[in-house]
Amino acid sequence: MSATYSTLPQNDNFRMPGEHEAHAEMWMAWPERSDNWRYGGKPAQQAFVNVAKAIAEVTPVTMAVSAAQYKNARNMLPEKIRVVEMATNDSWMRDIGPSYVVNGEGERRGVDWEFNAWGGLVDGLYFPWDRDDQVAHKICETMRDGHYRAPIVLEGGSIHVDGEGTLYTTEECLLHPSRNPDLSKEEIENVLKDYLAIEKVIWIPQGLYNDETNGHVDNLMHVVKPGEVVLSWTEDNNDPQYEISQAAYKVLSETTDARGRQLTIHKIHIPGPLYIREDEADGIDVCDGMERTAGERLAGSYTNYLITNNRIILPLLDEKYDDEARALLTDIYKGYEVVGVDAREILLGGGNIHCITQQVPAV
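Note that the structure is predicted; figures quoted are calculated from it, not measured. (Residues numbered from 1 in each chain as written. Predicted model: local features only at pLDDT ≥ 70, side-chain atom pairs only at ≥ 80, totals over all residues. Heavy atoms only, no water.)

A. Looking closely at the overall build of the protein chain. The helix and strand inventory of the protein chain stands at 11 helices and 17 strands. Here the protein chain holds 363 residues, and the buried ones make up 61% of them. Here the analysis covers contacts within the protein chain between residues at least 6 apart in sequence; of these, 75% occur between residues at least 24 apart. For the protein chain, the accessible area works out to roughly 14100 Å², and carbon and sulfur atoms hold 45% of it. Positive and negative side-chain charges of the protein chain, numbering 33 and 59 respectively, have mean locations separated by a distance of 5 Å. (Helix = DSSP H or I, 4+ residues; strand = E, 2+ residues; numbered from the N terminus. Buried < 20%, exposed > 50% of the residue type's maximum accessible area, 1.4 Å probe, protein only. Contact = heavy atoms within 4.5 Å. Areas by Shrake-Rupley, 256 points an atom, 1.4 Å probe, with all protein chains shown as cover. Lys, Arg positive; Asp, Glu negative; His and termini not counted. Charge placed at Lys NZ, Arg CZ, Asp CG, Glu CD.)

Here is the structure:
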């Protein structure tokens, strides 16, 4: 049994570590939703297996799987990857899993945010989402870690932290009327400070173009380490992404982090533009909330990579830009191995490698 704490993590001297800090475990969830993943999730399942294998070489992986898919997932995954039966509504572990906090005494606890499928009844992507909302608590139980239930709707992919007091997010997502319409910007900041022990929030106006999550920050940028970020970029001023990236760059270049550092900003070119093909749209069941029609622009991004234990898991999305992205990250992350995984099938579902993973920090 893991304890549920009614105190605040900041008052208990817990902080959210950066993704570049050491990991004890990585959680993922198995895709099978037929109105999101084409052909009942079969192509996506193989992509998830490839991501899990790449992570498992450096970090233990646990895959949450439905009862119906348990045998299939166990058969497809290597023995060293733990498979746990757990009910979900879909497979975006970054957004439904706990955001972990740690203290200086070797303890960790999970922060369990309210989840409403990226917009609830306003513009959520599916209904119901009750199983997803239980996942963070279940993971803390499985890991025997205590947890806090936070009082706001928030997805893990909508925030990035540097582990030293700075949090990055987008106004488009956190201030969206479908998340916490009763709270002001300042009130949301105060909750983030209470639950993650951050000192400064850097607000970027918008997330990546056509991102159905209302602009998650992890699809637009990534934190390399304190004081250093990677930003999705394009030089094509006819692309709607151009102005979004320019506005983000302006904010990032004119601010300082919680420690007063000017930020080093690396620009990483977006793939594509990429669009859903006719043959890809054909295999998807009709859905009310998700746009899965041929010709729909995909929110493709190389910043949606995962950092784990001196390895980068990079989504490969476009032969024109894949090598450039790999070379940039190899140069930025000295001593890290950059491993590319073909990730188009994950992108077709609406996100990428960072979105389908959630780390448990080592303590």
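On we go from here.
B. Just the sheet that holds strand E14 (residues 306–308), in detail. Here we have three strands laid out as an open sheet, ordered E14-E15-E16, and mixed in their pairing. Each edge of the open sheet carries a strand with a single partner, namely E14 and strand E16 (337–342). On average, each strand axis in the sheet is tilted by 25° relative to the strand beside it, whichever way the strands run. In this structure, strand E15 (residues 311–316) lies alongside E16, joined through six bridges in parallel fashion. Directly across from Pro-315, in E16, lies its bridge partner Val-341. Relative to E15, helix H10 (residues 322–332) is tilted by about 165°, and along the sheet it contacts E15 and E16. (Pairing = 2+ DSSP bridges. Axes fitted to C-alpha atoms, helices over the stretch in contact; angles between N-to-C directions.)

C. Region of interest: helix H1 (residues 42–56). In a regular helix each residue adds 1.5 Å, so 15 residues correspond to 21 Å; H1 covers 21 Å between its end C-alpha atoms and thus fits that length. All of the buried residues along H1 are Ala-44, Gln-45, Ala-47, Phe-48, Val-49, Val-51, Ala-52, Ala-54, Ile-55 and Ala-56. (Expected span 1.5 Å × (residues − 1).)

D. Here's a closer look at unusual backbone geometry. Looking along the chain, the bond that leaves Phe-127 and enters Pro-128 is cis, with omega of -5°. Along the polypeptide, Pro-128 turns up in the loop between helix H4 (120–123) and helix H5 (130–142). Residue Pro-273 is reached from Gly-272 by a cis peptide bond, and omega for that bond is 10°. Relative to the helices and strands, Pro-273 resides in the loop between strand E13 (264–269) and helix H9 (278–282). Even without a glycine there, the phi angle at Asn-13 is positive, about 65°. Mapped onto the elements, Asn-13 comes out in the loop between strand E1 (4–5) and strand E2 (23–29). Taking relative accessible area as the criterion, Asn-13 reaches 62% and is therefore assigned exposed. Even without being a glycine, Asn-210 presents a positive backbone phi close to 65°. Among the secondary structure elements, Asn-210 is positioned in the loop between strand E10 (200–204) and strand E11 (221–225).

E. Region of interest: the state of the cysteines. Enumeration according to the criterion identifies zero disulfides in this entry. Unpaired in this structure, Cys-173 has its nearest cysteine sulfur neighbour in Cys-355, at a distance of 11 Å. Classification of Cys-173 by relative accessible area gives buried; the value is 1%. (Disulfide = S-S within 2.5 Å.)

F. Quick look at the side chain of Ser-232. Tracing the chain through its elements places Ser-232 in strand E12 (residues 228–233). Only 3.3 Å separates the side chain of Ser-232 from the side chain of Ser-301, close enough to count as a polar contact. Among residues more than four places away in sequence, those in contact with Ser-232 are Leu-208, Asn-219, Leu-220, Ser-245, Ile-268, Ile-270, Ser-301 and Thr-303. (Polar contact = N/O pair within 3.5 Å; in protein donor to acceptor, adjacent residues only side chain to side chain.)

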